[in-house]
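Structural features, examined
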Amino acid sequence: VQLQASGGGLVQAGGSLRLSCAASGRTFSGYAMGWFRQVPGKEREFVAGISGPGGTTYYADSVKGRFTISRDNAKNTVHLQMNSLKPEDTAVYYCAARISPVAVTTSYDYWGQGTQVTVSS
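Owing to the predicted nature of the structure, the values given are computational and were not obtained by experimental measurement.

Calculation notes
Residues numbered from 1 in each chain as written. Predicted model: local features only at pLDDT ≥ 70, side-chain atom pairs only at ≥ 80, totals over all residues. Heavy atoms only, no water. Helix = DSSP H or I, 4+ residues; strand = E, 2+ residues; numbered from the N terminus. Buried < 20%, exposed > 50% of the residue type's maximum accessible area, 1.4 Å probe, protein only. Contact = heavy atoms within 4.5 Å. Phe/Tyr/Trp six-rings, centres within 6.5 Å; stacked < 30°, edge-to-face > 60°. Lys NZ or Arg CZ within 6 Å of the ring centre and 35° of its normal.

1. Thoughts on the environment of Ile99
Among the secondary structure elements, Ile99 is positioned in the loop between strand E9 (91-98) and strand E10 (110-111). We classify Ile99 as exposed; its relative accessible area is 53%. The spacing of Ile99 and Gly52 is 47 residues in sequence and 9.6 Å in space, taken between C-alpha atoms. If sequence neighbours within four positions are ignored, Ile99 has contacts with Tyr31, Asp109 and Tyr110.

Laid out in structure tokens, this is it:
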């Protein structure tokens with residue numbers, strides 16, 4: 001599976017961004033998908049995950065109520081809608097795929113390149 005993330009950029013605090021991740025492959029619905037983020041000098045952290053069929057989602061406590069993960073299995077894409085952004089959301093965001101339709105917060109198998117999100121105060 002190859003993953004291509006896009007949609008990052010610079011936004012003011014309180015603003016919104018929508019990240020997208022396009023996946024290759026013919027069995028996209030068989031993969032749980034996730035978004036992670038990393039700040040220089042810190043470990044990569046889980047942000048959100050969604051099951052293969054899309055019926056189950058998980059969020060980090062820090063983004064609950066502000067971020068929404070969704071997927072379109074017909075288009076092999078997963079999105080992360082980020083609202084009410086805060087400066088502490090600034091990071092490189094990565095999409096990831098897991099060889100299982102079960103959504104989890106760890107143990108992902110494939111990773112895309114990152115996309116930078118910068119939130120100014």
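2. Some thoughts on the packing of aromatic side chains
Counting across every chain of the model gives four aromatic pairs. For the ring pair Tyr31 and Tyr110, a centre distance of 6.4 Å and an interplane angle of 70° mean the geometry is edge-to-face. Of this pair, Tyr31 sits in the loop between strand E3 (17-23) and strand E4 (32-38) while Tyr110 sits in strand E10, and the two are 79 residues apart along the sequence. Assessed through its relative accessible area of 15%, Tyr31 is described here as buried. When the ring of Phe36 is compared with that of Tyr108, the centres are 5.3 Å apart and the planes differ by 80°; the resulting orientation is edge-to-face. Of this pair, Phe36 sits in strand E4 while Tyr108 sits in the loop between E9 and E10, and the two are 72 residues apart along the sequence. An aromatic cluster is built from Phe36, Phe46, Tyr108 and Trp111, whose rings are joined through pairwise contacts. The ring of Tyr94 carries Arg44 above its face, with NZ or CZ at 4.1 Å from the centroid. Above the face of the Trp111 ring, Arg44 is positioned so that its terminal group lies 4.5 Å from the ring centre.

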